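Residues per chain are reported as follows:
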Amino acid sequence: MERTILLTGGAGFIGSHVAVELLQQGCRVIIADDLSNSCEDVVQRIGAITGREPIFYQTDVADRAALERVFAAEPVEAVVHLAGYKAVGESVQKPLMYYRNNLDSTLTLLEVMDAHDVRQIIFSSSATVYGEKNPIPYTEQMPTGGCTNPYGWTKYMIEQMLKDLAASDPRWSAVCLRYFNPVGAHESGLIGEAPNGIPNNLMPYVTQTAAGIRKELTVFGGDYPTPDGTCMRDFIHVVDLARGHAAALEYARRESGWIAINLGSGRPSSVLELVHTFQEANDIPVPHRVGDRREGDLASYYADATRAKELLDWQTEKTLADMCRDSWRWQQNSQGK
Ligand code: WQD
């Protein structure tokens, strides 16, 4: 019997790749997305990749009546909760919008799930919950909090909601996946990261610079205490990340309770390493210069990925060069739209 899985925010960068992975594993996929940071033609493109389209509902997850209609119409067995605003800088400018949207949508979702006896949830969390004081590499037992922006605090608060819910009712299974730096795109070039406006994140800025859309990449800081002076990050291919979600769904089906799991490679790369790898892998220059540090950046952080291997039998398989090739193909095919 095929499983029906609901992806909130499933038309987004991470969600669309999770949808592809689950469809290819034989699941029936429902996407509820308000399209505030994605577009509906992603649904057709997911169908073009897998031969089967997800069932799409344009829905604000915080809209209880709309969400009730989805659960009444579809035999949802588990939920992957990806819907949420995620721009760090915007969250500092508009904290109430972030708290209202990210927390309201989660509370509504959990209440509707409970009312329909659906109690398996995979939550899109972030390494940002580790704050600034933990030693690297981060392990899941480390204290969380001390977030540096409202976006990070919403992830921390939602993890806490899920922890308290699972402690109050053993029928719940909640897996918080702490992403490190998702980059790359599906090898088809049909889905990928499509930021609105000027990209905040590194890889879309690199691909837009290579494409001539941006004049030059500024590497934020060359004087960090790292081997080449630029920041170190744990870049993870979005397809590896999607496979981690499929493995987490299987885990949530077997186990109950709350758990956090890092999704990272465990191998840090520097900003300049990524730029150089991109140039070599795609044989294309990326005009760049080293400029001032960006406020709020940490010098280096990356995952201890042991728990994911032990509990999910999951580890990353794709290389930095794969991430660079796949990101570039997506940029060329779509010009990032
Ligand atoms: C990576 C490195 C920059 C742009 C954030 C969020 C995290 C998650 C992923 C949502 C840093 C440098 C970047 C540029 C640069 N977000 N950089 N020039 O900040 O590690 O993580 O995005 O889920 O929660 O915190 O990612 O891609 O913005 O930056 O030099 O034009 O690239 O300084 O060192 P970050 P990023």
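The structure we're discussing is the one just above.
As the structure is a prediction and not an experimental result, all values here were calculated from the model.

Enquirer: Looking at this structure, I do not really get the site of the ligand. What am I missing?
Expert: Near the ligand lie 19 residues; those nearest to it are Tyr151, Leu202, Phe220, Arg233 and Asp297. Here an oxygen atom of the ligand sits 3.0 Å away from a polar atom, N or O, in the side chain of Asn181. Within the backbone of Thr218, an N or O atom sits 2.8 Å from a nitrogen atom of the ligand. With the chains in place, 90% of the 690 Å² that the ligand exposes on its own is no longer accessible. The set of elements that each furnish at least two residues to the shell around the ligand consists of helix H7 (202–210) and strand S8 (217–220). Sorting elements by how many residues they give to the shell around the ligand places S8 first, with four residues. Taken together, the residues that form the shell around the ligand break down as ten nonpolar, six polar and three charged.

Enquirer: What exactly am I supposed to notice about the packing of helix H9 (residues 271–282) against helix H11 (residues 320–334) here?
Expert: Two quantities define a packed helix pair, namely the angle between the helix axes and the distance between the axes. Contact pair H9 / H11: the axes reach a minimum separation of 9 Å and the direction vectors enclose 65°. Like other packed secondary-structure pairs, H9 and H11 cross with a definite hand, here right-handed. From H9, Glu273, Leu274, Thr277, Phe278, Ala281 and Asn282 reach across to H11, where they touch Leu320, Ala321, Cys324, Arg325 and Trp328. Residue composition of the contact of H9 with H11, by class: seven nonpolar, two polar and two charged.

Enquirer: Is there a simple way to think about unusual backbone geometry in this case?
Expert: Where the residue is not glycine, phi is negative for most of them; where a peptide bond is considered, it is trans in most cases. Across the junction of Ile136 and Pro137, the peptide omega takes the value 0°, indicating a cis bond. Mapped onto the secondary structure, Pro137 falls in the loop between strand S5 (120–126) and helix H6 (150–168). Of note, the phi angle at Leu35 is positive, near 60°, even though the residue is not glycine. The residue Leu35 is located in the loop between strand S2 (28–33) and helix H2 (41–50) in this model. Classification of Leu35 as buried rests on a relative accessible area of 18%.

Enquirer: Looking at this structure, how should I read the packing of aromatic side chains?
Expert: The description of two aromatic rings rests on the distance between their centres and on the angle between their planes. Per the stated rule, a full pass over the model turns up seven aromatic pairs. Between Phe180 and Tyr301 the ring centres are 6.3 Å apart and the planes differ by 50°, which places this aromatic pair in the tilted class. Of this pair, Phe180 sits in the loop between strand S6 (173–179) and strand S7 (181–183) while Tyr301 sits in the loop between strand S13 (288–291) and helix H10 (306–312), placing them 121 residues apart in sequence. We note that Phe180, like Tyr301, is buried. In this structure an aromatic cluster arises from ring pairing among Tyr130, Tyr138, Phe180 and Tyr301. Taking the ring centre of Trp258 as reference, the NZ or CZ of Lys163 above it sits at 4.4 Å. Between the NZ or CZ atom of Arg293 and the centre of the ring of Tyr224, over which it lies, the distance is 4.0 Å.

Enquirer: Sorry if this is basic, but what is going on with the nonpolar core here?
Expert: Core analysis: the biggest nonpolar cluster contains 44 residues, and Leu7, Leu22 and Val175 have the highest contact counts within it. If you tally residues by element for this core, the top one is helix H8 (residues 238–254), at ten residues. In contact with Val175, not counting residues within four places along its chain, are Ile121, Ile122, Phe123, Ala248, Tyr251, Ala252, Ile259 and Ile261. Grouped together as the second largest cluster of nonpolar side chains are 25 residues, Val70, Leu110, Met161 and Ala174 included.

So, how was this worked out
- Residues numbered from 1 in each chain as written.
- Predicted model: local features only at pLDDT ≥ 70, side-chain atom pairs only at ≥ 80, totals over all residues.
- Heavy atoms only, no water.
- Near = heavy atom within 4 Å.
- Polar contact = N/O pair within 3.5 Å; in protein donor to acceptor, adjacent residues only side chain to side chain.
- Areas by Shrake-Rupley, 256 points an atom, 1.4 Å probe, with all protein chains shown as cover.
- Helix = DSSP H or I, 4+ residues; strand = E, 2+ residues; numbered from the N terminus.
- Nonpolar A, V, L, I, M, F, W, Y, C, P; charged D, E, K, R; others polar.
- Axes fitted to C-alpha atoms, helices over the stretch in contact; angles between N-to-C directions.
- Left-handed = near helix turned anticlockwise from the far one by under 90°.
- Contact = heavy atoms within 4.5 Å.
- Buried < 20%, exposed > 50% of the residue type's maximum accessible area, 1.4 Å probe, protein only.
- Phe/Tyr/Trp six-rings, centres within 6.5 Å; stacked < 30°, edge-to-face > 60°.
- Lys NZ or Arg CZ within 6 Å of the ring centre and 35° of its normal.
- Core = buried A, V, L, I, M, F, W, Y, C linked by side-chain atoms within 4.5 Å.

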